[in-house]
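Structural features, examined
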Amino acid sequence: MSIDKKNNSGLPIDLVYGPQNNSNNPTEMPGEFPYTRGVKKDMYRGRLWTMRQYAGFSTAEASNERYHYLLNQGTTGLSVAFDLPTQIGYDSDHPMSEGEVGKVGVAIDSLADMEILFKGIQLQDVTTSMTINATASTLLAMYVALAKKQGADLSRIGGTIQNDILKEYAARGTYIYPVRPSMRLITDIFEWCSSELPRWNTISISGYHIREAGSTAVQELAFTLANGKAYVEAAKKKGLDVNVFGKRLSFFFNAHNDFFEEAAKFRAARRIWAKIMKDMGATNPDAMMLRFHTQTGGSTLTAQQPENNIARVTIQALSAVLGGTQSLHTNGYDEALNLPTEKAARIALRTQQIIAHESGATSTVDPLAGSYYVEHLTDTLESEAMKLIQHIQEMGGSVAAVEAGWMQEQIARSSYEAQKSIESGEQIVVGVNAFTTNETETMPSFKINDSIRVQQSEKIAQLKASRDSKKLEQFIKKLSEAANTDANLMPYILDCVEAYATLGEIADILRNKFGEYQG
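Please read these numbers as outputs of a predicted model, since none were measured by experiment. (Residues numbered from 1 in each chain as written. Predicted model: local features only at pLDDT ≥ 70, side-chain atom pairs only at ≥ 80, totals over all residues. Heavy atoms only, no water.)

**Considerations on the overall build of the protein chain**
When helices and strands are tallied, the protein chain shows 21 helices and nine strands. Computed over C-alpha atoms, the radius of gyration of the protein chain comes to 23 Å, within 12% of the 24 Å expected from 2.2 N^0.38 for 519 residues, which places it in the range of a compact globule. Principal-axis analysis of the C-alpha atoms gives the protein chain an extent of 80 × 60 × 45 Å. Taken across its 519 residues, the protein chain has 58% of its residues classed as buried. At a minimum sequence separation of 6, the contacts of the protein chain that also span at least 24 residues come to 78%. Averaging the locations of the 51 positively and 60 negatively charged side chains of the protein chain gives two centres separated by 4 Å. (Helix = DSSP H or I, 4+ residues; strand = E, 2+ residues; numbered from the N terminus. Rg over C-alpha atoms; globule rule 2.2 N^0.38 Å. Buried < 20%, exposed > 50% of the residue type's maximum accessible area, 1.4 Å probe, protein only. Contact = heavy atoms within 4.5 Å. Lys, Arg positive; Asp, Glu negative; His and termini not counted. Charge placed at Lys NZ, Arg CZ, Asp CG, Glu CD.)

Have a look at this one:
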């Protein structure tokens, strides 16, 4: 007698699947609405996904060196990690920054740091993804200011800012302002980029951090797409054209170890989003296509027997490729212990390259299509996610669900149940609660020391002594006044950035006007 089996989302798994499990056998082809099978007819036969390696640490100088290394090793796009003070709007010399400068990402205090970060890299020739949310408007302004200094054609500048504040309140915590003024900043970016930076992806609606906080795959899917719907609704209220800004929306998903559930999740995401956008008035196919970046699951990595993480990352990356990702980051095997060493980053990149060029996974489009199990999972994930999305809509949408704490509570509950299953041994984690060893392994470490804060503070002091203070005061005053109106704030923030205002100075202006979120 077979034992009942469930996957990580708690969905029952039959012993075997057949035609009886597929009530809906779609005949659609890749590149056709609702894009279950992919957003392009030829997918990777036409163009491989963008191979990004998320990197940023210490100073702009150190991170610039890593970017050049990664580009020389074959990455096809950059992905910037910012340190915690940068993410929450504090300069490196602020008391709140002590102990955190340069630790989980690069410290960027002003345009001067951005100039160093991309030294020797022409922004017109590379796409850049920036994982930044509360201070996204300021970091984007710095990037644009640098592009202008390089003489770039802004209509050709491509990249993405995460700019997804709702998941910060629900799962991650790097917020500054209350929900509604934060939504204003996001729609300001949508509006400004549509005319000034037409190739820029103005938001990367992130399920990654929702999953890292402990959600199931179903919750990751539902909460992410519900948040996406909230951003579309906010932009439409501002009078923006869904067929214009909708083309520049992108998504960011997690890839965990349940290979088939993850691949089916990506397929279901495209189908759900296409239907949502169509219902919200989109008629342009590009505005209905869900394009997404994937990162392998950081929370799945183990400090015990860390080399096992190479296998985990490979499985996760393959699920993303077979699920049709447009961009991919693979984690270093040592990231449960420290920032990835150069060797670990290289192995992670080589994993993508082997999948792309040796596995055969890219030879045909959506090779899992028609699998009784995968098609059943795709349908089930869609159905279960839609139940949650409908519940969120009945609550008044994602903003209301976040403000009520409902989304946070659901994630916390799932995280608790997952941890219980690991501790009980019901869920096996190789090397942690099964197949363990008594050997003590030594790994090369990559740590950031606290002297980085001293270096950054000295840079800030020099900057403030050399910039045109009177000119800057005029721009700061204009930004402060504009924050009291309905004006788009991006031009004012860009003026401040180009006058070498620090990130913290700009954030403080908006703190004074908007207040701070009290979770």
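That was the structure; now back to the text.
**Things to note about the packing of helix α9 (residues 217–237) against helix α15 (residues 372–395)**
Relative to each other, α9 and α15 sit at 45°, their axes nearing to 8 Å. By the angle class used here, α9 and α15 are oblique. Considering only the axes of α9 and α15, their crossing is right-handed. From α9, Val218, Gln219, Leu221, Ala222, Phe223, Leu225, Ala226, Lys229 and Glu233 reach across to α15, where they touch Leu381, Glu384, Ala385, Leu388, Ile389, Ile392 and Gln393. Of the residues in the contact of α9 with α15, the class split is eleven nonpolar, two polar and three charged. (Axes fitted to C-alpha atoms, helices over the stretch in contact; angles between N-to-C directions. Parallel < 35°, antiparallel > 145°, perpendicular 65-115°, else oblique. Left-handed = near helix turned anticlockwise from the far one by under 90°. Nonpolar A, V, L, I, M, F, W, Y, C, P; charged D, E, K, R; others polar.)

**Focus on a positive patch on the surface**
A contiguous patch of positive charge on the surface is contributed by Lys40, Arg47, Arg156 and Arg199. Classification of arginine 156 as partly exposed rests on a relative accessible area of 44%. (Patch = residues over 30% accessible without salt bridge, like charges linked within 9 Å, V, L, I, M, F, W, Y side chains within 5 Å. Areas by Shrake-Rupley, 256 points an atom, 1.4 Å probe, with all protein chains shown as cover. Salt bridge = Lys/Arg side-chain N within 4 Å of Asp/Glu carboxyl O.)

**Re the pairing of strand β1 (residues 50–55)**
Among the six residues of β1, five are classified as buried, and the element is accordingly described as predominantly covered. Sheet topology note: the β1/strand β9 (residues 327–329) ladder contains two bridges and is parallel. In the sheet register, methionine 51 faces β9, and the bridge partner there is leucine 328. For β1 and strand β2 (residues 77–81), the ladder comprises four bridges, and the chain directions are parallel. Considered in β2, the bridge of glutamine 53 is made with leucine 78. You can see the chain leave β1, run along helix α2 (residues 60–73) and come back into β2, and the turn it takes is right-handed. (Pairing = 2+ DSSP bridges. Right-handed = clockwise from strand over helix to strand, strands pointing away.)

**What about the pattern of salt bridges?**
Counted according to the given criterion, the structure contains 27 salt bridges. A salt bridge links arginine 267 to glutamate 375; its shortest N-O distance comes to 3.2 Å. With arginine 267 in helix α11 (residues 259–279) and glutamate 375 in helix α15, this residue pair connects regions lying 108 residues apart in the sequence. Accessibility classification places arginine 267 together with glutamate 375 in one group, the buried group. The structure contains a network of salt bridges with shared partners spanning Arg37, Arg267, Asp366 and Glu375.

**Description of the side chain of serine 92**
With respect to the helices and strands, the residue serine 92 is situated in the loop between α3 (84–87) and α4 (111–117). A distance of 2.8 Å separates polar atoms of two side chains, one belonging to serine 92 and the other to aspartate 109. In this view, serine 92 contacts Ser97, Val101, Ala107, Asp109, Arg453, Gln456, Ser457 and Ile460; residues no more than four positions away in its chain are not counted. (Polar contact = N/O pair within 3.5 Å; in protein donor to acceptor, adjacent residues only side chain to side chain.)

**Some details on the nonpolar core**
Judged by nonpolar contacts, the single largest core of 142 residues is most densely connected at Phe118 and Leu225. The element contributing the most residues to this core is α11, with eleven residues. Ignoring anything within four residues of it in the chain, the contact list for leucine 225 reads Phe251, Phe253, Ala269, Ile272, Trp273, Ile276, Leu290 and Ile389. Listed in part, the six residues of the second largest apolar core include Phe57, Ala107, Ile448 and Ile452. (Core = buried A, V, L, I, M, F, W, Y, C linked by side-chain atoms within 4.5 Å.)

**Notes on the pairing of strand β3 (residues 128–131)**
With burial as the criterion, each face of β3 is covered, one bearing Thr128 and Met130 and the other bearing Ser129 and Thr131. Relative to β3, β2 runs parallel, the two sharing four bridges. In the sheet register, leucine 78 faces β3, and the bridge partner there is threonine 128. As paired strands, β3 and strand β4 (residues 159–161) are joined by three bridges and run parallel to one another. Bridge pairing links methionine 130 to isoleucine 161 in β4. Note that the unit made of β3, helix α5 (residues 136–149) and β4 has a crossover that is right-handed.

**Examining the packing of aromatic side chains**
All chains considered together, the criterion is met by 20 aromatic pairs. Centroid distance tyrosine 67 to phenylalanine 118: 6.2 Å. Interplanar angle 25°. Geometry classified as stacked. Of the two residues, tyrosine 67 sits in helix α2 while phenylalanine 118 sits in the loop between α4 and β3, which places them 51 residues apart along the sequence. Accessibility expressed as a relative area gives 0% for tyrosine 67, which makes it buried. Classification of phenylalanine 118 as buried rests on a relative accessible area of 1%. Taking 4.8 Å as the distance between ring centres and 75° as the angle between the ring planes, the aromatic pair formed by tyrosine 175 and tyrosine 517 counts as edge-to-face. Residue tyrosine 175 is found in the loop between α6 (166–172) and α7 (179–196), and its partner tyrosine 517 is found in the segment after α21 (503–514); the two are separated by 342 residues along the sequence. (Phe/Tyr/Trp six-rings, centres within 6.5 Å; stacked < 30°, edge-to-face > 60°.)

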